[in-house]
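# Inside the fold
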Amino acid sequence: MKILDDLISVLNPDAGVRDIRQGLFHTAVLTRHCGLASTLPRDALRQEQSTVKEPGFLLEKSALELAQMAYSENILEAAIGMATINSLLDIDEEHCLNLNAGDLLAEKGEGKQVAIVGHFPFTPQLRKIAKELWVIEKNPQDGDFTEAEADNLIPQANVVGITGTAFTNHTVEHLLEMCNPKAYVVILGGTAPLSPVLFDYSVDAISGTKVIDPQLALRCVSEGATFRQIKGTKLLTMIR
């Protein structure tokens, strides 16, 4: 995936791997910083090879080797790779806003056709103000559309939100290619890399997470925290 090639190429991987945690809902890796990614257990359990290779020995790998696990077809390994990429990003807060994805999408999507890949907690609020809201989900809830319908819906949208887990399951490039060139495109969620590299792919904003208390965040991940339960983090948005 070229987008992963580009993300990894600008990293400074000269950092030791200090900790790796893979909880039920989230994965965390501590290198220079602490990075997060969604674990996606339901998707992982559907795979024929659903377990991580070499558990117990991953700390012996370099940060670059762990980051390259993002290419793995194994969901759990790819989550470790994405968390490592996020841990190696030097996030410049001066170029970020203290703005969460739900508020940004509400601002851009009011009265418009909105497509969101991934079911997020702000969905009910966004549905009230958007002209049309299409939520596309691999694990659909009531009112959601299946991923098979993405090719039809995404090109129609004025505003598109794409979950950062699209990096983990390797669908992100295809999803971005389907977006209308005039659409406002947001990558969002705990897995979303806060890297300006994504702006080269017609992304307008990235709403992600910066870990400000690594030990607290690691502990939360180990204890099975959902994204909203992970402490020691800050929600940031980077605008093109």
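Presented here is a report on the structure given in the accompanying data block.

## What about the overall build of the protein?
Counting its regular elements, the protein contains 10 helices and 11 strands. Against the globule reference of 18 Å for 240 residues, the protein gives a C-alpha radius of gyration of 17 Å, in line with a compact fold. Seen through its C-alpha atoms, the protein measures out along the principal axes to roughly 50 × 45 × 35 Å. Residues counted as buried form 54% of the 240 residues belonging to the protein. Long-range pairs, those at least 24 residues apart, make up 60% of the contacts in the protein between residues at least 6 apart in sequence. Here the protein has roughly 11,300 Å² of accessible surface; of this, 49% comes from carbon and sulfur atoms.

## Brief notes about the state of the cysteines
For the structure on display, the rule yields 0 disulfides. Here C34 stays unpaired: no disulfide links it, and the sulfur of C220, its closest cysteine neighbor, is 10 Å away.

## Some details on the sheet that holds strand 2 (residues 26–30)
As summarised here, the arrangement of the 3 strands in space is 1-2-3, forming an open sheet in which the pairing is antiparallel. The open sheet has two free edges, formed respectively by strand 1 (19–22) and strand 3 (34–38), since each of these has just one partner strand. Between one strand axis and the next, the sheet turns through 10° on average, direction left out of account. Bridge count for strand 2 against strand 3 is 5 bridges, and the pairing is antiparallel.

## Overview of the pairing of strand 11 (residues 233–239)
For a regular strand, side-chain orientation follows a simple rule: the groups alternate between the two sheet faces. Sheet topology places strand 4 (residues 96–97) next to strand 11; 2 bridges connect them, and they run antiparallel. Counterpart to C96 in the pairing with strand 11 is M238. Bridge count for strand 10 (residues 205–211) against strand 11 is 7 bridges, and the pairing is antiparallel. Note on strand 11: the bridge partner recorded for G208 is L236.

## So, unusual backbone geometry
Residue E54 is not a glycine yet carries a positive backbone phi of 60°. Of note, E54 is situated in the loop between helix 2 (41–45) and helix 3 (63–67). The class of E54 is partly exposed, set by a relative accessible area of 47%.

## Regarding the packing of aromatic side chains
Per the stated rule, a full pass over the model turns up 1 aromatic pair. Considering the side-chain rings of F120 and F122, the 5.4 Å spacing of their centres and the 5° angle between planes classify their relative orientation as stacked. Take F120 and F122: they sit in the same class, and that class is buried.

Definitions and cut-offs
Residues numbered from 1 in each chain as written. Predicted model: local features only at pLDDT ≥ 70, side-chain atom pairs only at ≥ 80, totals over all residues. Heavy atoms only, no water. Helix = DSSP H or I, 4+ residues; strand = E, 2+ residues; numbered from the N terminus. Rg over C-alpha atoms; globule rule 2.2 N^0.38 Å. Buried < 20%, exposed > 50% of the residue type's maximum accessible area, 1.4 Å probe, protein only. Contact = heavy atoms within 4.5 Å. Areas by Shrake-Rupley, 256 points an atom, 1.4 Å probe, with all protein chains shown as cover. Disulfide = S-S within 2.5 Å. Pairing = 2+ DSSP bridges. Axes fitted to C-alpha atoms, helices over the stretch in contact; angles between N-to-C directions. Phe/Tyr/Trp six-rings, centres within 6.5 Å; stacked < 30°, edge-to-face > 60°.

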